[in-house]
Amino acid sequence: MSDLEVGMVTIIRVFHKYSGLKGKLKKAELKDLINNEMNHFIMMFRKNSMKFDKIIHSQLMMNCSFTLIDFKEFITLIAMIHLEESLKK
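Since the structure is predicted, the reported quantities are computational estimates derived from the model, not experimental observations. As a convention, each chain's residues are numbered from 1 in the sequence order in which they are written. The predicted origin of the model limits local features to residues at a pLDDT of at least 70 and limits the giving and counting of side-chain atom pairs to 80 or more, whereas totals for whole chains, interfaces and linings rest on all residues. Note that water and hydrogens are dropped before the side-chain values are worked out from all heavy atoms of the structure.

A. Representation of the pattern of salt bridges. What counts as a salt bridge is simple: a side-chain nitrogen of Lys or Arg found within 4 Å of a carboxyl oxygen of Asp or Glu. Going through the model one piece at a time under the given rule, you end up with two salt bridges. Ionic pairing is found between Lys22 and Glu29, a salt bridge with its closest N-O pair at 3.0 Å. Relative accessibility thresholds used throughout: buried, under 20% of the residue-type maximum; exposed, over 50%; partly exposed, between the two (1.4 Å probe, protein chains only). Residue classification places Glu29 among the buried residues on the basis of a relative accessible area of 18%.

B. Spotlight on helix α2 (residues 27–37). Helix and strand definitions here come from DSSP, where helices need a minimum of 4 consecutive H or I residues and strands a minimum of 2 consecutive E residues; each element is numbered from the N-terminal end. Within α2, burial applies to Glu29, Leu30, Leu33 and Ile34. Taken down its axis, α2 places every buried residue within 135° of arc, on the same side. In α2, those exposed residues whose orientation departs by more than 90 degrees from the buried face are Ala28, Lys31 and Asn36. This arc is built from the directions going out from the helix axis to the C-beta atoms.

C. Helix α1 (residues 3–19), seen in detail. Every helix has an expected span of 1.5 Å times one less than the residues it contains. In this model, α1 (17 residues) spans 24 Å end to end at C-alpha, consistent with the 24 Å of a helix rising 1.5 Å per residue. Residues of α1 that are buried include every one of Val14, Phe15, Tyr18 and Ser19, and no others. Around the axis of α1, the buried residues are gathered within 125° of arc, so they sit on the same side. Residues of α1 that are exposed and point more than 90 degrees away from the buried face comprise Arg13 and Lys17.

D. Fine view of the packing of aromatic side chains. Only Phe, Tyr and Trp rings are paired, with Trp represented by its six-membered ring, and only when their centres lie within 6.5 Å; those with planes under 30 degrees apart are stacked, over 60 edge-to-face, the remainder tilted. Under the criterion given, the structure shown has three aromatic pairs. Look at Phe15 and Phe71: their rings are 5.2 Å apart centre to centre, the planes differ by 80°, and that puts the pair in the edge-to-face class. You can see Phe15 sitting in helix α1 and its partner Phe71 sitting in helix α5 (residues 71–87), a full 56 residues away along the chain. Aromatic pair Phe71 and Phe74: ring centres 6.1 Å apart, planes at 45°, arrangement tilted. With Phe71 and Phe74 both in helix α5, this residue pair falls three residues apart, about one helical turn. Its relative accessible area of 28% is what places Phe71 among the partly exposed residues. An aromatic cluster is built from Phe15, Phe71 and Phe74, whose rings are joined through pairwise contacts.

What follows is the structure, encoded as structure tokens:
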């Protein structure tokens, strides 16, 4: 597999590791996933924690159910976090 394919498979596996078979993350599971699997990004955002909180909050508020995050919403959130950090460079 290419590096991109490996990365995509890894994102899917991490999502399912925290969501289980139900395919949706509860807010607590999302928090655990972010804290455990995205620690590097969190440390970079600590310099501007309001921006990180704003991204998380805006993404969750766009979710009608708010208590459950599906894979589409999760991948959008991950992309927004990465994009925000990439644009700073």
